[in-house]
Amino acid sequence: MVNLFRKSFEAFELKWDTEYFGVPSARVILKDNVLTDEYKEIEEFSRQFEFVTITNTDNKSKNNYWLTKNLGAFLTDVNVQFIKRISEISYDNVANVYEAYPYNQEIVDIARNAFKYSRFFSDPYLPSDKAKNIYIHWVEGAFDKLGRYFVIVNIQEEIAGFLLFSIDEKKEYATIELIAVDAKFRGANIGKSLLVGMESFLHKKGVSFVKVGTQIDNVAAIRFYTNFGFKYTNCNSIYHYWPHK
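Quantities reported herein were computed from a predicted structural model and do not represent experimental measurements. Sequence order as written defines the numbering, with residues in each chain counted from 1. Local features are withheld for residues below a pLDDT of 70 in this predicted model, meaning they are given only at 70 or higher, and side-chain atom pairs are given and counted only at 80 or more; totals for whole chains, interfaces and linings count all residues. Hydrogens and water molecules were not included; the side-chain quantities draw on all heavy atoms of the structure.

### Overview of the packing of helix H2 (residues 36–46) against helix H3 (residues 61–71)
Then step 1. Interaxial angles span 0 to 180 degrees and are taken between N-to-C directions of axes, which are lines fitted to C-alpha atoms, for helices over the stretch in contact. We count a stretch as a helix when DSSP gives it H or I for four or more residues in a row; a strand needs E for two or more, and each element gets its number in order from the N terminus. At a closest axis distance of 13 Å, the pairing of H2 and H3 adopts a crossing angle of 55°. By the angle class used here, H2 and H3 are oblique. Note that H2 runs across H3; the crossing there is right-handed. Contacts from Tyr39, Ile42 and Glu43 in H2 reach Lys62, Trp66 and Leu71 in H3.
Then step 2. Under this grouping Gly is polar, as are all residues other than the nonpolar Ala, Val, Leu, Ile, Met, Phe, Trp, Tyr, Cys and Pro and the charged Asp, Glu, Lys and Arg. Per-class residue counts for the contact of H2 with H3 are 4 nonpolar, no polar and 2 charged. Note on angle classes: values under 35 degrees are labelled roughly parallel, values over 145 roughly antiparallel, values of 65 to 115 roughly perpendicular, and the remainder oblique. The hand of a helix crossing depends on one turn: near helix anticlockwise from the far one by less than a right angle means left-handed, and clockwise means right-handed. In what follows, a contact means two residues having at least one pair of non-hydrogen atoms within 4.5 Å.

Next comes the structure, spelled out in structure tokens:
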């Protein structure tokens, strides 16, 4: 198996997905309109695997047509990307930031109940128990890891919500991976406190930008980020492809 890095696309194995779902998995990123002679190359690469996630950057219509009409992949998500420049910060002592945070059952329980949107939920070929628990596995994989940061808000000795983020190697930007609030504390501005806590931490570290993506169906999340000053950058269509189904 050889990973491919071309002008208009990249293709590589996904070890995390392979280990978690128990099926050989890969990702293809279409960076531009795919050239005619590259279609076959992508197909041949994909047939080395059982499950392939294909990202059509900027939702290009030509690629969408080929993916559905010719390849037989199916759309599972349209991911909306946002970015925010970190400038003036209102410091918030409510939230605390921890790197390599140890395992915490409260956080796992919040993750189990908070997330309602995922491209994995609607794929009939994925093991349903694995798809259902993917966010739990995601959170558990971040505990005790250097380079993974949890922002936590506590109310009366209970964890009211958490935000998981990482910082790129050059420390130019951070990426929000997950954000969740316990149902009993919703409506108490916990989400805002989590974001402010993260931005205060990043500002001190000299990180200038923060990025986040969310599903286009998640209207509440889109409204939340835009109200907090995030700006839309682009949207990507996400396909699942099972070459041997």
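### Observations concerning the pattern of salt bridges
Then step 1. Definition used for salt bridges: Asp or Glu carboxyl oxygen within 4 Å of a side-chain nitrogen of Lys or Arg. What the rule picks out here adds up to 8 salt bridges.
Then step 2. Of the charged contacts, one joins Glu10 and Lys31 as a salt bridge, the two residues approaching to 3.5 Å between their closest N and O atoms. In this pair, Glu10 is assigned in strand S2 (residues 9–13) and Lys31 in the loop between strand S3 (25–30) and H2, connecting sequence segments 21 residues apart.
Then step 3. The buried label goes to any residue with under 20% of its type's maximum accessible area, the exposed label to any with over 50%, and the partly exposed label to all in between, with areas taken from a 1.4 Å probe on protein chains only. Residue Glu10 is classed as partly exposed on the basis of its relative accessible area of 22%.
Then step 4. Since its relative accessible area comes to 34%, Lys31 is described here as partly exposed.
Then step 5. For Glu177, the salt bridge is made with Arg148, and the minimal N-O distance between the two is 2.7 Å. Of this pair, Glu177 sits in strand S9 (residues 173–181) while Arg148 sits in strand S7 (residues 148–155), and the two are 29 residues apart along the sequence. Take Glu177 and Arg148: they sit in the same class, and that class is buried.

### Structural notes on helix H4 (residues 105–114)
Then step 1. Turning to H4, its buried residues are Ile107, Val108, Ile110, Ala111 and Ala114. Along the long axis of H4, the arc covered by the buried residues comes to 160°, so they all point the same way.
Then step 2. Between the side-chain oxygen of the N-cap and the backbone nitrogen of Glu106 there are 2.9 Å, and the N-cap of H4 in question is Asn104. The arc under discussion is defined with respect to the helix axis, by the directions toward the C-beta atoms. Pairs of N or O atoms within 3.5 Å make up the polar contacts considered here, provided that, within protein, one atom can donate a hydrogen while the other can accept it, and that residues adjacent in sequence are counted only when both atoms are side-chain atoms.

### A word on the nonpolar core
Then step 1. To qualify as a nonpolar core, a set must consist of buried Ala, Val, Leu, Ile, Met, Phe, Trp, Tyr and Cys residues joined through side-chain atoms within 4.5 Å. Counting 29 residues, the largest nonpolar core has Leu163, Phe165, Ile176, Met198, Leu202 and Phe230 as its most contacted members.
Then step 2. Mapped onto this core, the elements with two or more residues apiece are strand S5 (74–85), S7, strand S8 (158–167), S9, helix H7 (190–205), strand S10 (209–215) and helix H8 (219–227).
Then step 3. Tallying contributions element by element places H7 first for this core, with 7 residues.
Then step 4. Other than its neighbours up to four places away in sequence, Phe230 contacts Phe82, Ile83, Lys84, Ile176, Leu195, Glu199, Val210, Val212 and Tyr225.

### Focus on H2
Residues that lie three or four places apart on an α-helix share one face, since the helix turns once every 3.6 residues.
Then step 1. Three or more residues of H2 are buried, namely Glu38, Tyr39, Ile42, Phe45 and Ser46. Around the axis of H2, the buried residues are gathered within 135° of arc, so they sit on the same side. The outward face of H2, more than 90 degrees from its buried face, is lined by the exposed residues Thr36, Asp37 and Lys40.

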